[in-house]
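So you can see what is in the structure, the chains are spelled out below.
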Amino acid sequence: GNWAFTFRILDAREPGFALSAIPEKQYTKWLDYDKIRQNLVLRSRQSGDFFVANADGGRQKLKKYLIDEKIPQDRRDGIPLLASGSEIWWIVGGRISEAARVTEKTKRILEITAEQE
């Protein structure tokens, strides 16, 4: 389908900002902007894609995630991914990489909102 994305950079050091104020939303995610080392691109899945699945740095293949989440095979290529190389930062409509998670040490936040048109 057709998707529209909005990107904003927020300052986590602003007075009154609190991690607890970040809501859980399916199509809006908040990533630690300063952890981004390479360009991020929006694309569909590719062979070898993975994301960081836990705080210890453990990786999970995207293919396994899509199977475990019972995403029908004919829908998998239509899911937008925010990626840096083979590393997935956000499976749109699903989870984000633990490597991108906002923490108490976060200074800048990348807020991304996806809307299907």
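Summary of the structure given here. Bear in mind the structure is a predicted one, so any value in this text is a computation, not a measurement. (Residues numbered from 1 in each chain as written. Predicted model: local features only at pLDDT ≥ 70, side-chain atom pairs only at ≥ 80, totals over all residues. Heavy atoms only, no water.)

Remarks on the packing of aromatic side chains
For the structure on display, the rule yields four aromatic pairs. Judged by centre distance (6.2 Å) and plane angle (25 degrees), the ring pair of Trp3 and Phe5 falls under stacked. Judged by relative accessible area, Trp3 falls into the partly exposed class, the value being 22%. The exposure class of Phe5 is partly exposed, given its relative accessible area of 22%. The interplanar angle of 35 degrees and the centroid separation of 5.8 Å between the aromatic rings of Trp3 and Tyr27 together place this pair among those described as tilted. Here the residue Trp3 occupies a position in strand β1 (residues 3–11), and Tyr27 occupies one in the loop between β1 and β2 (28–32), the gap between them amounting to 24 residues. (Phe/Tyr/Trp six-rings, centres within 6.5 Å; stacked < 30°, edge-to-face > 60°. Buried < 20%, exposed > 50% of the residue type's maximum accessible area, 1.4 Å probe, protein only. Helix = DSSP H or I, 4+ residues; strand = E, 2+ residues; numbered from the N terminus.)

Re the environment of Arg59
Within the secondary structure layout, Arg59 lies in strand β5 (residues 59–61). In the structure, Arg59 is positioned 39 residues away from Glu98 in sequence and 9.5 Å away in space, judged by C-alpha atoms. Those residues in contact with Arg59 that sit more than four places away from it in its chain are Phe50, Phe51, Val52 and Ala53. (Contact = heavy atoms within 4.5 Å.)

Focus on the pairing of β2
Within β2, five of the five residues are buried, which leaves the element mostly enclosed by the surrounding structure. Residues Thr28, Trp30 and Asp32 of β2 are buried on one face, and the alternating residues Lys29 and Leu31, pointing to the opposite face, are buried as well. Note that β2 and strand β8 (residues 108–116) share five bridges and pair antiparallel. Following the sheet pairing, Asp32 is matched in β8 by Ile109. (Pairing = 2+ DSSP bridges.)

Details of the pattern of salt bridges
Under the criterion given, the structure shown has nine salt bridges. Between Arg8 and Glu111 there is a salt bridge, and its shortest N-O distance comes to 2.7 Å. Of the two residues, Arg8 is situated in strand β1 and Glu111 in strand β8; the sequence distance between them amounts to 103 residues. What makes Glu111 buried here is its relative accessible area of 12%. For Arg95, the salt bridge is made with Glu98, and the minimal N-O distance between the two is 3.6 Å. Judged by its relative accessible area of 25%, Arg95 falls in the partly exposed class. Take Glu98: its relative accessible area is 21%, and that puts it in the partly exposed class. Each member of the salt-bridge network shares a partner with another, and the members are Arg95, Glu98 and Arg101. (Salt bridge = Lys/Arg side-chain N within 4 Å of Asp/Glu carboxyl O.)

A look at the environment of Lys35
Mapped onto the fold, Lys35 is located in the loop between β2 and β3 (41–43). When neighbours within four sequence positions are excluded, Lys35 is seen to be in contact with Trp89, Ala99, Arg101 and Thr103.

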